[in-house]
Amino acid sequence: MRRKLSAVEHMIDGNIVYLVSLEGSFNQDQLRSALLRVQRKHPALRTLIRQEPDGLYYEADTAPEIPLRIVPRVTEDDYQRECQTELTTIFAYDQPQLRAVWLQSELESDLLLTTSHRICDGMSMLTIVREVLRALHSDEELVPYPAITTRDIIGDYQPPQMWKLKLKVLFANGLLRLIPNSRRALENKEYHLEWGAGGTLSNALKRRCKSENVSIHAALVVALDRALLTVLGKKKLPGWIDSPMDARRGRLAALKSDMLFFGGGSLKMRTGQALETEFWEKARAINEEIRRQVEQEMLDIPSRYHLFEMLNPAMSGQIESIVRLGDALKINGSWNRFALSNLGNVVVGDDDAPFRLKDLRLYVHSFNVRVLGLVAYAFNGEMRFYYVGDEKCLSRSQADALKHEFMALLQYQVSQTEDAVSEVRAGSMTVST
């Protein structure tokens, strides 16, 4: 199969790296076999990208085996060097869009799995991690499936007024032709922060959200919104908090939970609203808004992907020109938005594996747009946070201040409840006595 990448697939140019730290043993043959079995299952890992005069094309079932580099693991910090290399190395078009690095020592190993964002989002990458680890010690069959394309997402959708849509697309494509190609490659200087909430705070946050009947994600949205306002002020506040939505989970018939796909829907929350509203009251409002937006997104996704198929793709030089225009206009963030991704409770290891999963981290780098975002996930009972932002979006001092303010807000909101519960229990004990 050969097909042209859609407009949105052309725009997604970046790398996702997952670091998997393991304690235990396996050998090179087991790892190569595991990578090969996972590659045989997923069409996106057997596909090459070809550059043509009119854009990029996929060629299915033409990729060689997933490349594996084996590097001695001398210290526990060696992964940082290799991770930076993997993040900033562009995938060659004649290679699979997944590669692996094994930092090997006698008792402990670090496995770096890197993919192109064009074929894979963060949730899809967790599927790869889960299946590679499972295939290292299990003969469980991995069943291949047909390639998933934007046409599968569109399904039988037909625009209600095709002539109007064609006029809009004609106008948009005409504007695109006017955008010049940048003469200089874009230099992204991203700053990364990693931290954990600790088991006590993580459990307390979970309890509070449950008692307030809101999702943890809703609480994170409110805390991030208010932390951004404190650090940046009203004038420099990004206009939106944008959260990717997992379109799997039975929401789209074409996508199963164990399939690879580069994206889905998106939930957009306007920032700086209802600042006088109490934190948990605002969280309940956000929780309801998320529910409404998920329902609407499921209706809108086919029409959006239909539009992507009709639009001419922007070339990389044109995208760089658009980003530089945003820099000149001092738009704060990646097109005035702050991305908040929540991967939920991450479980990728098996209890019966001959190795122990010690740590799991992720890293992101973009080659053609300014990144500004926060990724949240729970691992081994602890909330984890990963911030990545280009220095043209937030300075390092602003990123540090955002981290501090964000965590202080969560800590304060949780401690208020914990203190109140303690007072009630103390009062009850006094009365009983």
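Keep in mind the model is a prediction, meaning the values are calculated, not measured. (Residues numbered from 1 in each chain as written. Predicted model: local features only at pLDDT ≥ 70, side-chain atom pairs only at ≥ 80, totals over all residues. Heavy atoms only, no water.)

Asks: Please clarify how the overall build of the protein should be interpreted in this entry.
Replies: Secondary structure summary: the protein contains eleven helices and 14 strands in total. For 433 residues, the compact-globule formula gives about 22 Å, and the C-alpha radius of gyration of the protein, at 23 Å, lands near that figure. Summarising its shape, the C-alpha atoms of the protein cover approximately 80 × 60 × 40 Å along the three principal directions. Within the protein, counting contacts between residues at least 6 apart in sequence, those at least 24 apart form 80% of the total. Counting every atom, the protein has about 21,100 Å² of accessible surface; 52% of that belongs to carbon and sulfur. Counting 55 positive and 56 negative side-chain charges, the protein places the centres of these two groups 6 Å from one another. (Helix = DSSP H or I, 4+ residues; strand = E, 2+ residues; numbered from the N terminus. Rg over C-alpha atoms; globule rule 2.2 N^0.38 Å. Contact = heavy atoms within 4.5 Å. Areas by Shrake-Rupley, 256 points an atom, 1.4 Å probe, with all protein chains shown as cover. Lys, Arg positive; Asp, Glu negative; His and termini not counted. Charge placed at Lys NZ, Arg CZ, Asp CG, Glu CD.)

Asks: Is there a simple way to explain the pattern of salt bridges in this structure?
Replies: A side chain of one charge can pair with a side chain of the opposite charge when the charged atoms of the two come close. Per the counting criterion, the structure on display carries 36 salt bridges. The partner of Glu 108 in a salt bridge is Arg 73, with the nearest N and O atoms 3.4 Å apart. Of the two residues, Glu 108 sits in strand E7 (residues 108–116) while Arg 73 sits in the loop between strand E5 (68–72) and helix H3 (78–88), which places them 35 residues apart along the sequence. Here Glu 108 falls in the partly exposed class, since its relative accessible area comes to 21%. In the salt-bridge network here, residues are joined through shared partners; they are Arg 69, Asp 78, Arg 81, Glu 82, Glu 86 and Arg 99. (Salt bridge = Lys/Arg side-chain N within 4 Å of Asp/Glu carboxyl O. Buried < 20%, exposed > 50% of the residue type's maximum accessible area, 1.4 Å probe, protein only.)

Asks: Can you walk me through the sheet that holds strand E4 (residues 55–59) in this structure?
Replies: For sheets, the rule is that strands pair by backbone hydrogen bonds, running either parallel or antiparallel. One open sheet accounts for three strands, arranged E1-E4-E3; its pairing is antiparallel. The outermost strands of the open sheet, each flanked by one partner alone, are strand E1 (2–4) and strand E3 (48–52). Adjacent strand axes in the sheet meet at a mean angle of 30 degrees, parallel and antiparallel pairs treated alike. (Pairing = 2+ DSSP bridges. Axes fitted to C-alpha atoms, helices over the stretch in contact; angles between N-to-C directions.)

Asks: Please explain the packing of helix H8 (residues 216–236) against helix H9 (residues 279–310) as it appears in this structure.
Replies: How two helices sit against one another is set out by the angle between their axes and by the gap between those axes. Across the interface, H8 lies against H9 with an axial gap of 8 Å and an inter-helix angle of 120 degrees. Comparing their axes, H9 and H8 come out oblique. The handedness of the crossing between H8 and H9 comes out as right-handed. Within the contact between the two elements, H8 uses His 217, Ala 218, Ala 219, Val 221, Val 222, Ala 223 and Arg 226 and H9 uses Phe 279, Trp 280, Lys 282, Ala 283, Ile 286, Asn 287 and Ile 290. (Parallel < 35°, antiparallel > 145°, perpendicular 65-115°, else oblique. Left-handed = near helix turned anticlockwise from the far one by under 90°.)

Asks: I'm lost on the environment of Ile 241 in this one. Help?
Replies: If you trace the backbone, Ile 241 turns up in strand E9 (residues 240–245). Residue classification places Ile 241 among the buried positions, given a relative accessible area of 1%. Note: C-alpha distance between Ile 241 and Ser 341 (100 residues apart in sequence) is 9.8 Å.

Asks: Would you explain the sheet that holds E9 in this entry?
Replies: If you trace the six strands from one edge of the open sheet to the other, you get E8-E14-E13-E11-E9-E10, paired in mixed fashion. With partners counted over all chains shown, the strands left at the sheet margins are strand E8 (190–196) and strand E10 (265–270), one partner each. On average, adjacent strands in this sheet sit at an angle of 20 degrees to one another, irrespective of strand direction. Across the sheet, H8 lies against E9, E10, strand E11 (337–345), strand E13 (372–379) and strand E14 (382–390), angled at about 150 degrees from E11, the strand it touches most. Across the sheet, H9 touches E9 and E10, and the angle it forms with E10 is around 140 degrees.

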